[in-house]
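# Structural description and commentary
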Amino acid sequence: MLAPARLFRQTVLYLFLALYALISLFPMYFALVSSFKTTTEIFSNSFALPTQYNFDNYVRAWELANVGTYFFNSVLLAVGCTALLGIVGAMASYILARFRFPFSNTVFVFFVMGMMIPVHSTIIPLAFNIGTFGLRDNMLVLILVTSAFSLSMTIFIVTGFMKSVPGSLEESAVMDGCTHWQVFTRIVVPLSMPALATASVFNFLGAWNNLLFPLLFISSKTNMPLSYGLLAFFGERRADYGGVMAAIVITILPPLIAYVLLQEKVEKGLTAGAVKG
Amino acid sequence: MEKYYRNPKFILLFLVPAFVLYAAFELIPIVQTFWFSVYSWSGIHGVPMKFVGWNNYVSLWNFPGFWQSMQNIVYYVLLSLVIQIPIGFVLAVLLSPQPRGYRFFKTAFFSPLVLSITAVSLMWYFILFPNGGVLNNLLTAVGLESWTKNWLIDKDTAMTWVIVVTGWVSTGYYTTIFFAAITGLPDEILEAAALDGATGLKKITRIVLPMIWESVKTSVILVVTGILKTFEIVFIMTQGGPNGLTQVPVTLMYYEAFKYDHYGRGSAIAVVVFLMSIGLTIISLRLMNREKIEY
């Protein structure tokens, strides 16, 4: 039996938490229920559950509005960036964490400094260069540009972790005659998996959710990822609210599922820049 | 082993891919931004760039739209600090004793952060939609029909909603940071504080807050630099309107360069954004340090 004062405090606590949870989740609930409704129903009855669940909006969005293509492009973009950053980032991090060469610390600062550069301050020359070299509307180029801006963070996370791993395993592998490459792929990468996973979550979500680069560098619908495709869909079929809502749900569902499944990793990945090592 | 860690060939081989990626798409463009900002240039290939010195900066100085965007960003940053950090902190304090179900709440508060900001901006666009949008429907349903507005077009509410939506996305981030900091505090300290009679609000302001001051500091810097980089919410919800009242430097730069072909002026704004971002990071660090010493 709780004392009345404590009971009161608990009730206030939960009311407050529930209120903020409601605010946090409501827009997602709204998008989800609306995605099953007809346009009239969305406007006349915005809060209620749909009177019947029909997937017309999804079918229309996926097929007519190219959302299927956009979805595939987003997977390609996000997986491509994550893989590229995992490889290139782990390689550079290994050197920066372990190897001895002149100005090694300066080189580390040089790479990590990129976290301070605002993306927006680079887009005019980027657009110019990509136009000059005829590299617009190219998925590979989009992957490279998007990756470049997550590289500093990846190196920051992975180098810090690698420094904390003792070098004894590497040493014995070298004694056994392993080459640099073998030590890297068989010892260093497996041991660094926790940090690589954290960085990968950050990189995957960053690429999946990025709008600015596709907006500037992609022009055809066959190459658009979801973020830009969603905006294009909204621009063209403004009256098709149900379809837009379905496209929104398709866009936000993969990151949400990833978050629910890999909660700790996702929180770590997104707050990694905030927590000093 | 010493030899293994000094192999120059391997060092180069492993550093070069990262260096190329970083230099080609980040470092060279940021240098070019400075260079472009002293040229007048329409962005059309074949039309030569004309050196104009400080002219782009002078014209920016005399451009009311630029000052409007600067005023907006200051308001945006200040109001975001006032919203995100205190709410984030209070939620973290409430969750820190880990009451039953705290995991659910923590997940719910953090979840907006994983969503595509494009999708978020569109969801809120529909919620704030004037005819039949959720907010106006809600107001009408509770008999406050006279309060309904065209939220994103009305000059009194557009900027506020941009800031509220930004806060909706980010507050959970600070809750998570503060939660980790508070639960990481050693139990003995909190117990000792309780024995000394520091409970409730006193415990929070006198013990908890100073002890997690590093996190507060980091959070302030993250809010400031994060807001400077906010593009999508404005770009999608208001396009900088009504009448430039929600325009921020990065959206202004985008429109100047890619809509009006004023690449020189756009680059000058990009330089200002770059300097502000670096400058504010340094200033925030300094200010926060001083406050800590005074405490």
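Above this note sits the structure.
The structure contained in this document is the topic of the report that follows. (Residues numbered from 1 in each chain as written. Chains lettered and ligands numbered in written order. Predicted model: local features only at pLDDT ≥ 70, side-chain atom pairs only at ≥ 80, totals over all residues. Heavy atoms only, no water.)

To continue, consider the overall build of chain B. Each helix and strand counted, chain B has 13 helices and two strands in total. Whereas a compact globule of 295 residues would reach a radius of gyration of roughly 19 Å, chain B reaches 24 Å, over 25% beyond that. The principal-axis extents of the C-alpha atoms in chain B amount to approximately 75 × 75 × 35 Å. Each of the 295 residues in chain B was classed as buried or not, and the buried ones make up 56%. Within chain B, contacts between residues separated by at least 24 positions form 68% of all contacts whose residues are at least 6 apart in sequence. (Helix = DSSP H or I, 4+ residues; strand = E, 2+ residues; numbered from the N terminus. Rg over C-alpha atoms; globule rule 2.2 N^0.38 Å. Buried < 20%, exposed > 50% of the residue type's maximum accessible area, 1.4 Å probe, protein only. Contact = heavy atoms within 4.5 Å.)

All names here are of chain A. Looking at the element boundaries, leucine 169 is found in helix H8 (residues 168–175). Here leucine 169 falls in the partly exposed class, since its relative accessible area comes to 45%. Here the alpha-carbon distance between leucine 169 and proline 190, two residues 21 residues apart in the chain, equals 12 Å. Residue contacts for leucine 169: discarding those within four places in its chain leaves Ile187 and Leu191.

Our focus in this paragraph is the interface of chain B and chain A. The partner chain A presents 94 residues to the 89 residues of chain B that form the contact. Interface of chain B and chain A: buried area, both sides summed, is about 8,500 Å²; carbon and sulfur atoms make up 77% of it. Contact with chain A buries area across many residues of chain B, yet Tyr4(B), Tyr5(B) and Phe14(B) alone supply 9% of it, more than any other trio. Across the chain B-chain A interface, the total number found is one salt bridge. Notably, a salt bridge pairs Lys106(B) with Glu267(A), separated by 3.1 Å at the nearest N-O pair. On inspection of chain B and its partner chain A, the count reaches 19 residue pairs in polar contact (both at pLDDT 80 or more). The element best represented in the side of chain B that touches chain A is helix H1 (residues 8–36) of chain B, accounting for 18 residues. In the side of chain B that touches chain A, the residues fall into 61 nonpolar, 19 polar and nine charged. (Buried area = accessible area lost by both parts, 1.4 Å probe. Salt bridge = Lys/Arg side-chain N within 4 Å of Asp/Glu carboxyl O. Polar contact = N/O pair within 3.5 Å; in protein donor to acceptor, adjacent residues only side chain to side chain. Nonpolar A, V, L, I, M, F, W, Y, C, P; charged D, E, K, R; others polar.)

Bringing the nonpolar core into the picture now. If you look at the biggest cluster of nonpolar residues, it comprises 199 residues, and the most contacted ones within it are Tyr94(A) and Ile248(A). Apart from residues lying up to four places away in sequence, Tyr94(A) is in contact with Phe99(A), Met162(A), Glu170(A), Val183(A), Phe184(A), Val188(A), Tyr4(B), Tyr5(B), Phe10(B) and Phe14(B). (Core = buried A, V, L, I, M, F, W, Y, C linked by side-chain atoms within 4.5 Å.)

Here we take up the packing of helix H4 (residues 67–98) of chain A against H1(B). At a closest axis distance of 8 Å, the pairing of H4(A) and H1(B) adopts a crossing angle of 130°. Taken as axis vectors, H4(A) and H1(B) run oblique relative to one another. Considering how the two elements wind past one another, H4(A) and H1(B) form a crossing that is left-handed. On H1(B), the residues touching Leu84(A), Val88(A), Met91(A), Ala92(A), Tyr94(A), Ile95(A) and Leu96(A) of H4(A) are Phe10(B), Ile11(B), Leu13(B), Phe14(B), Leu15(B), Pro17(B), Ala18(B) and Leu21(B). (Axes fitted to C-alpha atoms, helices over the stretch in contact; angles between N-to-C directions. Parallel < 35°, antiparallel > 145°, perpendicular 65-115°, else oblique. Left-handed = near helix turned anticlockwise from the far one by under 90°.)

Residues and elements named next belong to chain A. On the surface, Leu253, Ile257, Leu261 and Leu262 cluster together into a nonpolar patch covering about 390 Å² of accessible area. Tracing the chain through its elements places leucine 261 in helix H13 (residues 241–261). Owing to a relative accessible area of 66%, leucine 261 belongs among the exposed residues under this scheme. (Patch = residues over 30% accessible without salt bridge, like charges linked within 9 Å, V, L, I, M, F, W, Y side chains within 5 Å. Areas by Shrake-Rupley, 256 points an atom, 1.4 Å probe, with all protein chains shown as cover.)

With that settled, consider the pattern of salt bridges. What the rule picks out here adds up to eight salt bridges over all chains. As a salt-bridge pair, Asp240(A) and Arg60(A) come within 2.6 Å of each other at their nearest N and O atoms. Of this pair, Asp240(A) sits in the loop between helix H12 (226–236) and H13 while Arg60(A) sits in helix H3 (residues 56–64); the two residues are 180 residues apart in sequence, bridging distant segments of the chain. On the basis of relative accessibility, which here comes to 13%, the residue Asp240(A) falls in the buried class. For Arg60(A), a relative accessible area of 26% corresponds to the partly exposed category. One salt bridge in this structure joins Asp156(B) and Lys155(B), with 3.7 Å as the shortest N-O distance. The exposure class of Lys155(B) is exposed, given its relative accessible area of 60%. A network of salt bridges, in which partner residues are shared, links Arg60(A), Arg237(A) and Asp240(A).

Our next topic: helix H10 (residues 193–209) of chain A. The end-to-end C-alpha distance of H10(A), which contains 17 residues, comes to 24 Å, matching closely the 24 Å that a straight helix rising 1.5 Å per residue would cover. The elements touched by buried residues of H10(A) are H4, helix H7 (139–164), helix H9 (180–191), H12, H13 and helix H14 (263–271) of chain A. (Expected span 1.5 Å × (residues − 1).)

All names here are of chain A. Relative to the helices and strands, alanine 18 is located in helix H1 (residues 4–34). A relative accessible area of 36% places alanine 18 in the partly exposed class. C-alpha of alanine 18 to C-alpha of methionine 91: the two residues are 73 residues apart in sequence and 45 Å apart in space.

To continue, consider helix H10 (residues 213–228) of chain B. Look at H10(B): 23 Å from first C-alpha to last across 16 residues, which is about the 22 Å you get at 1.5 Å a residue. In terms of burial, H10(B) is largely enclosed, as 13 of its 16 residues are buried.

Looking now at the side chain of Gln247(B). All names here are of chain B. Within the secondary structure, glutamine 247 is located in the loop between helix H11 (232–237) and helix H12 (249–259). Here the side chain of glutamine 247 touches threonine 251 through a polar contact of 2.7 Å, side chain to side chain. Residues in contact with glutamine 247, not counting those within four places in the same chain, are Gln68, Ser69, Asn72, Gln239, Gly240, Leu252 and Tyr255.

This next bit is on the packing of aromatic side chains. Tallied over the full model, the rule gives 59 aromatic pairs over all chains. Judged by centre distance (5.5 Å) and plane angle (35°), the rings of Phe99(A) and Phe10(B) are tilted. Placement of Phe99(A) in the loop between H4 and helix H5 (104–112) and of Phe10(B) in helix H1 is noted, with the two residues assigned to different chains. The two residues Phe99(A) and Phe10(B) agree in class, both being buried. Members of the aromatic cluster, connected to one another through ring pairs, are Tyr94(A), Phe99(A), Trp181(A), Phe184(A), Tyr4(B), Tyr5(B), Phe10(B) and Phe14(B). Against the face of Phe63(B) rests Arg265(B), its NZ or CZ located 4.1 Å from the ring centre. (Phe/Tyr/Trp six-rings, centres within 6.5 Å; stacked < 30°, edge-to-face > 60°. Lys NZ or Arg CZ within 6 Å of the ring centre and 35° of its normal.)

We now examine unusual backbone geometry. Residue and element names in this part refer to chain B. Following glycine 241, the chain continues to proline 242 via a peptide bond in cis, the omega torsion being -5°. Summarising the element assignment, proline 242 is placed in the loop between H11 and H12. For aspartate 261, which is not glycine, the phi dihedral falls at a positive 60°. Among the structural elements, aspartate 261 can be located in the loop between H12 and helix H13 (263–294). A residue is classified by how much of its surface remains accessible, and aspartate 261, at 37% relative accessible area, is partly exposed.

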